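Inside the fold
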Amino acid sequence: MELEKIFIDIPIEKIHGSFDCSVSHMTLDSRDVRGDSIFVAIKGDKSDGHVFIDLAIQSGALMIICSVMPEKIHENITYVCISNIERFIGVIASRFYGHPSETLKVIGVTGTNGKTTIATLLYKAVGHLGKKAGLISTIENYVCEKVLQTSNTTPDAITIQRLFREMINAGCEYCFMEVSSHALVLGRVNGIKFHGGIFTNLTLDHLDFHKTLSNYLEAKKLFFDMLPQGAFALVNSDDEATAKLTRDTKATISTYALLKDAFYKGEIKELVFPKMAFEINGLQGNFKLVGDYNAYNILAIYGTLQILGFEPNKSIQIIERLDGARGRFEILVSKLGAIAIIDYAHTPDGLQNVLKTISNINQNKHSIITVFGCGGDRDRTKRPLMTEIALRYSNKVIVTTDNSRSENPENIIADMVATLAEKTNIEIILDRSLAIATAVKSLQSGDIVLIAGKGHEMYQDIKGLKTHFSDREEVEKIFTF
């Protein structure tokens, strides 16, 4: 590879050394450096990669890309200094790995809720339809059948391009990926040529990062602005943000909806736990995904499959077979007929959607208990709203810890209950394990407990310390099946 070519049109401030070095690996993580590596030093909110330059060189890095040239220069190392490096690293990484998204059909999914379910089930559906695909999601990344763990909804720009290259090498034709608002603002998806994009919805979330809902919307709009001519944009026309998001897109717009006219129009025919009879453009199926919000997810999945050229009836049949993503309306039923539902809902809209669905399927008016907390170091404005929603749809609410991170858990819970005029039908149990056990042990046959907020997560982060924790495992300790 001619390294000089990956920097064409990149505004380099300073170069030290030669591009005549043999490298085949690029990373932002000094722990991932090996003897043929380019190490990219980026200054983040919590750490500064420039601090680890010497360590990366000791581990074998041959080239350093940075935004500030270090004081100590190693004569046998190549340094490339670029200001605003975050903006360009995706483009550089794409070139380094041979422009993989020009071959791989990359479809991004963005929105507040539904990203994981849509991306994951598209990955599964395409596999059932005989095509090889990759997945980049909140829960796991997949290269065909090979699973890779993930820590962010959208990985860093270099990891994304490396994954794309691995997918191509493994014979993948498609990649379905979640595209978060953080990734868009921080430039993690720069350098990707998207084949298409899907918009789910826009509701209150991430205001700790974006500050205002308007900024949050503008962040999502970046995705549709970057879609190229010839790409598709499949959007939820029932969401009022859709028109603003797609105003300047070059992509071909298709729509899906339950309420408005749309290319892909759906109607719920019957909701009988644990299945939903749902009609799309005159074709009816019985789906394992239930509720209005899952009806939108099914429409997005079906619409995408049609745009990609799959046969309508076969697409319906495949989607009927799919279970939800792990930790998304995950249902456990005890031998006695009590029901536990584990869901990642961590926004007011997400929690309301799940609880409305539970209310709709609770035909015999059994007791509904909601156990949830709110994350620390995140948007505080949603905390009392979520408590009010939980009380509106539940017979009892148990407020507990989520991932409090660096915040005091007691302060988070104080925010959650601050606006309540009276605290009836609500109990505060700080220990999440005890909170879940208290709720589950109280269930009678037909009663339902919703355990919300953490979903698939296998840890709890309290005061900066991560320990193993699984909502599902906590239920399984008590339930007999």
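As the structure is a computational prediction, the values presented were derived from the model and not from experiment.

Sheet architecture is open: 6 strands sit in the order 17-18-22-19-20-21, paired in mixed fashion. Either end of the sheet is taken by a strand with one partner, and the two such strands are strand 17 (330-333) and strand 21 (426-428). Recorded for the sheet is a direction-independent mean angle of 15° between the axes of neighbouring strands.

Where helix 2 (residues 85-96) contacts helix 4 (residues 157-169), the two axes come as close as 8 Å, and the packing angle between them is 25°. By the angle between their directions, the pair helix 2 and helix 4 is classed as roughly parallel. Note on packing geometry: the crossing formed by helix 2 with helix 4 is right-handed. Only A157, I158 and Q161 of helix 4 make contact with helix 2, whose side of the interface consists of I89, G90, A93 and S94. Grouping the amino acids of the contact of helix 2 with helix 4 by side-chain chemistry returns 4 nonpolar, 3 polar and no charged.

Attention now moves to the pairing of strand 4 (residues 63-66). With burial as the criterion, each face of strand 4 is covered, one bearing M63 and I65 and the other bearing I64 and C66. Note on the crossover from strand 3 (residues 37-40) through helix 1 (residues 53-58) to strand 4: the handedness is right-handed. Here strand 4 pairs with strand 5 (residues 78-82) via 4 bridges, running parallel. Each bridged residue has a counterpart across the sheet, and for M63 the counterpart in strand 5 is T78.

Residues F176, I198, F278, L305, L351, I358 and F372 are the most contacted members of the largest nonpolar core, which totals 70 residues. The element contributing the most residues to this core is helix 9 (residues 292-307), with 9 residues. V143, C144, L202 and F224 belong to the second-largest nonpolar core, a separate cluster that totals 32 residues.

This part takes up a nonpolar patch on the surface. Nonpolar side chains collect at one region of the surface, where V51, F52 and L55 lie side by side and expose about 270 Å² of accessible area between them. Topologically, F52 is positioned in the loop between strand 3 and helix 1. Residue classification places F52 among the partly exposed positions, given a relative accessible area of 34%.

What follows concerns helix 13 (residues 409-417). All buried positions along helix 13 are accounted for by P409, I412, I413, D415, M416 and V417. In this structure, the buried residues of helix 13 make contact with strand 19 (368-372), helix 12 (382-393), strand 20 (396-399), strand 21 and strand 23 (459-462). Near the N-terminus of helix 13, the side chain that reaches the backbone nitrogen of E410, with its oxygen 2.9 Å away, is that of N408.

Quick notes on the rules
- Residues numbered from 1 in each chain as written.
- Predicted model: local features only at pLDDT ≥ 70, side-chain atom pairs only at ≥ 80, totals over all residues.
- Heavy atoms only, no water.
- Pairing = 2+ DSSP bridges.
- Helix = DSSP H or I, 4+ residues; strand = E, 2+ residues; numbered from the N terminus.
- Axes fitted to C-alpha atoms, helices over the stretch in contact; angles between N-to-C directions.
- Parallel < 35°, antiparallel > 145°, perpendicular 65-115°, else oblique.
- Left-handed = near helix turned anticlockwise from the far one by under 90°.
- Contact = heavy atoms within 4.5 Å.
- Nonpolar A, V, L, I, M, F, W, Y, C, P; charged D, E, K, R; others polar.
- Buried < 20%, exposed > 50% of the residue type's maximum accessible area, 1.4 Å probe, protein only.
- Right-handed = clockwise from strand over helix to strand, strands pointing away.
- Core = buried A, V, L, I, M, F, W, Y, C linked by side-chain atoms within 4.5 Å.
- Patch = residues over 30% accessible without salt bridge, like charges linked within 9 Å, V, L, I, M, F, W, Y side chains within 5 Å.
- Areas by Shrake-Rupley, 256 points an atom, 1.4 Å probe, with all protein chains shown as cover.
- Salt bridge = Lys/Arg side-chain N within 4 Å of Asp/Glu carboxyl O.
- Polar contact = N/O pair within 3.5 Å; in protein donor to acceptor, adjacent residues only side chain to side chain.

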